[in-house]
Amino acid sequence: MSASSAPPASEARAALGAGVFCYLIWGFVPLVFQQMGQQGADAWEIMGHRAVWGLVWAALLVMLSRQWTQVMAVLRQPKVLGWLALSAVLIAGNWTTYIIAVNNGRTLDASLGYYLNPLLNMAAGAWLFREKIDWAGKIAMALAAVGVLLQTIALGHAPWVSIILALTFAAYGVIRKRVSVDAQTGLFLECLLLALPGLIWLIHIETSGAGHFTQSAGSVFWLLFAGPATVIPLALFAWAARRMPLSSMGFLQFLAPTIVFIIGALQGEALGPLRIASFVFIWIAVAVFAVGAVLKVRRASVTAETIVAPEPGLLDDPAEDRMDAIGENPPPAR
């Protein structure tokens, strides 16, 4: 987006509000999953409801955005469907790990995983897409590596929950970056692929008496809430990312893991000196990463380029949304 076509101030404020609200939802969503857990639902039951009700809300989103034509076009592309099936498996693994973590006293581990994610995205970009890592990126990754090492020493083992969360979401982002499908369409098809096994599992546990959906009004409410809790923040992100500079979204993306960290700390999860030190290194890495992103945008503005781009894997550039090129001509390496 050129400077001359920048959005008006009112739209910029609305985009900032949408971005903040999106990351606030992602930050407080552990409390939602914990409420589901208190109704007796385990991670697999929650995942089943998340897939089924997420599909309903994702379908509503596709309908409102009038993207059924794109959905039908993707359904005629076996190669693209194959990649989306893989991305669905990765995001399901990420969601399940996250739910298990926050419902079993590992909320701090979940926070660490999402602090590491943008740094891992940067490493993946350099490895797979030949993107150049600047001095800020190299320093940030080195500091993050020290933080992970200290976390390993503090826990007595590698922080596997954090590593799995960061790796699965980074891999998901790589696949979504390579497949030219809008966020709404991609989310709908991923939920569609997950909904059938999710529905089969829910029917099985309900008929065997192990399910909790109809146990009480509270369980009905919270398990139904899995749908909007999944889709609404993604819709807000999709809208805001089109209208905000990359540097602004870069700052906002650290809001969610910070809230998750505070939730874990307030809930009494262990925070010894070494673990605190590990998070300090991570926070410094995040600060260096954010400063580097701001400087990069400022350098680009010198040549009259205002970078407006989505987080890798969640949205594609509008110029790449030609349906005749879905999955056949991936974006060039940058």
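Residues numbered from 1 in each chain as written. Predicted model: local features only at pLDDT ≥ 70, side-chain atom pairs only at ≥ 80, totals over all residues. Heavy atoms only, no water.

In the annotation of an unreviewed UniProt entry, the entry for the protein chain reads Permease, and the organism field reads Brevundimonas naejangsanensis. Looking at the protein chain in UniProt, the text filed under Sequence similarities (unreviewed entry) is "Belongs to the EamA transporter family." Its UniProt record, at the heading Subcellular location (unreviewed entry), says of the protein chain: "Cell membrane". (UniProt positions renumbered as here; feature names shortened; annotations may be inferred.)

**Student:** Quick question: what am I supposed to make of the overall build of the protein chain here?
**Tutor:** Secondary structure summary: the protein chain contains 13 helices and zero strands in total. Ordering the α and β elements of the protein chain from the N terminus gives α-α-α-α-α-α-α-α-α-α-α-α-α. Buried residues in the protein chain amount to 49% of all 334 residues. Contacts in the protein chain between residues at least 24 apart in sequence constitute 86% of all its contacts with a sequence separation of at least 6. (Helix = DSSP H or I, 4+ residues; strand = E, 2+ residues; numbered from the N terminus. Buried < 20%, exposed > 50% of the residue type's maximum accessible area, 1.4 Å probe, protein only. Contact = heavy atoms within 4.5 Å.)

**Student:** Help me understand the side chain of Arg 50 in this model?
**Tutor:** Of note, Arg 50 is situated in helix α2 (residues 43–64). An unpaired buried charge is present at Arg 50: no salt bridge exists, and Glu 190, the closest side chain of opposite charge, is 11 Å distant. Among the polar contacts listed, one links the side chain of Arg 50 to the side chain of Thr 230, at a separation of 2.6 Å. Setting aside residues up to four positions removed in sequence, Arg 50 forms contacts with Phe 33, Trp 95, Ile 99, Ala 226 and Thr 230. (Lys, Arg positive; Asp, Glu negative; His and termini not counted. Salt bridge = Lys/Arg side-chain N within 4 Å of Asp/Glu carboxyl O. Polar contact = N/O pair within 3.5 Å; in protein donor to acceptor, adjacent residues only side chain to side chain.)

**Student:** Is there a simple way to explain the packing of aromatic side chains in this structure?
**Tutor:** The geometry of an aromatic ring pair comes down to the distance between the two centres and the angle between the two planes. Counted under the stated rule, the structure contains 14 aromatic pairs. Measuring from ring centre to ring centre gives 5.9 Å for Phe 221 and Phe 225, while their planes differ by 15°; the resulting arrangement is stacked. Through pairs of rings, three or more aromatic residues link up here, namely Phe 33, Tyr 98, Tyr 114, Phe 169 and Tyr 172. Lying across the ring of Trp 95, Arg 50 places its NZ or CZ 4.2 Å from the centre. (Phe/Tyr/Trp six-rings, centres within 6.5 Å; stacked < 30°, edge-to-face > 60°. Lys NZ or Arg CZ within 6 Å of the ring centre and 35° of its normal.)

**Student:** Where do I start with the packing of helix α4 (residues 78–102) against helix α5 (residues 107–128) in this structure?
**Tutor:** Packed helix pairs are specified by the crossing angle of their axes together with the interaxial distance, meaning the distance between the axes. Between α4 and α5, whose axes approach to 7 Å, the crossing angle comes to 145°. Contact residues: Asn 94, Tyr 98, Ala 101 and Val 102 in α4; Thr 107, Ala 110 and Tyr 114 in α5. Taken together, the residues of the contact of α4 with α5 sort by class into five nonpolar, two polar and no charged. (Axes fitted to C-alpha atoms, helices over the stretch in contact; angles between N-to-C directions. Nonpolar A, V, L, I, M, F, W, Y, C, P; charged D, E, K, R; others polar.)

**Student:** So what exactly am I meant to see when it comes to the pattern of salt bridges here?
**Tutor:** Between side chains of opposite charge, a pair can form when the charged atoms approach closely. Tallied over the entire structure, the rule returns three salt bridges. Here Arg 275 and Asp 109 are joined by a salt bridge, their closest N and O atoms 2.3 Å apart. With a gap of 166 residues between them, Arg 275 in helix α13 (residues 273–302) and Asp 109 in helix α5 connect regions that are remote in the sequence. Judged by relative accessible area, which is 8%, Arg 275 ranks as buried. Linked through salt bridges whose partners overlap, the residues forming this network are Arg 106, Asp 109 and Arg 275.

**Student:** Just checking my understanding: could you explain the environment of Phe 213 for this structure?
**Tutor:** Looking at the element boundaries, Phe 213 is found in the loop between α8 (183–207) and α9 (217–224). Each C-alpha atom, one on Phe 213 and one on Glu 45, is 9.1 Å from the other, the two residues being 168 residues apart in sequence. Among residues more than four places away in sequence, those in contact with Phe 213 are Glu 45, His 49, Trp 53, Glu 206, Ser 219, Val 220, Leu 223 and Leu 224.

**Student:** What is the right way to read unusual backbone geometry from this model?
**Tutor:** Negative phi values dominate among residues other than glycine, just as trans dominates among peptide bonds. Of note in the backbone geometry, Arg 66 takes a positive phi value of approximately 55° without being a glycine. For Arg 66, the location among the structural elements is in the loop between α2 and α3 (68–75). Looking at Arg 66, the relative accessible area reads 76%, which means it is exposed.

**Student:** Looking at this structure, how should I read the nonpolar core?
**Tutor:** Across soluble globular proteins, nonpolar side chains show a tendency to be buried alongside one another. With 46 residues, the main nonpolar core has Phe 33, Met 36, Ile 46, Tyr 98, Ala 110, Phe 188 and Leu 194 as its most contacted residues. Elements that contribute at least two residues to this core include exactly α1 (9–38), α2, α3, α4, α7 (160–178), α8 and α10 (226–241). Residue contributions to this core peak at eleven residues, all from α4. Apart from residues no more than four positions distant in its own chain, Ala 110 is found in contact with Tyr 98, Ala 101, Val 102, Val 161, Leu 165 and Val 260. Counting 20 residues, the second-largest nonpolar core is a separate cluster that includes Leu 108, Tyr 115, Met 122 and Ile 133. (Core = buried A, V, L, I, M, F, W, Y, C linked by side-chain atoms within 4.5 Å.)

**Student:** Please clarify how α5 should be interpreted in this entry.
**Tutor:** Residue pairs three or four apart in sequence face the same way in an α-helix, which turns once every 3.6 residues. In this model, α5 (22 residues) spans 31 Å end to end at C-alpha, consistent with the 32 Å of a helix rising 1.5 Å per residue. A bend of about 35° at Asn 117 is the largest found in α5, and the proline Pro 118 appears one to four places after it. For α5, the buried fraction is high: 16 of the 22 residues fall into the buried class. Positive backbone phi, approximately 60°, marks Arg 130, located one or two places after α5. (Expected span 1.5 Å × (residues − 1). Bend = angle between axes of the 7 residues up to and from the residue.)

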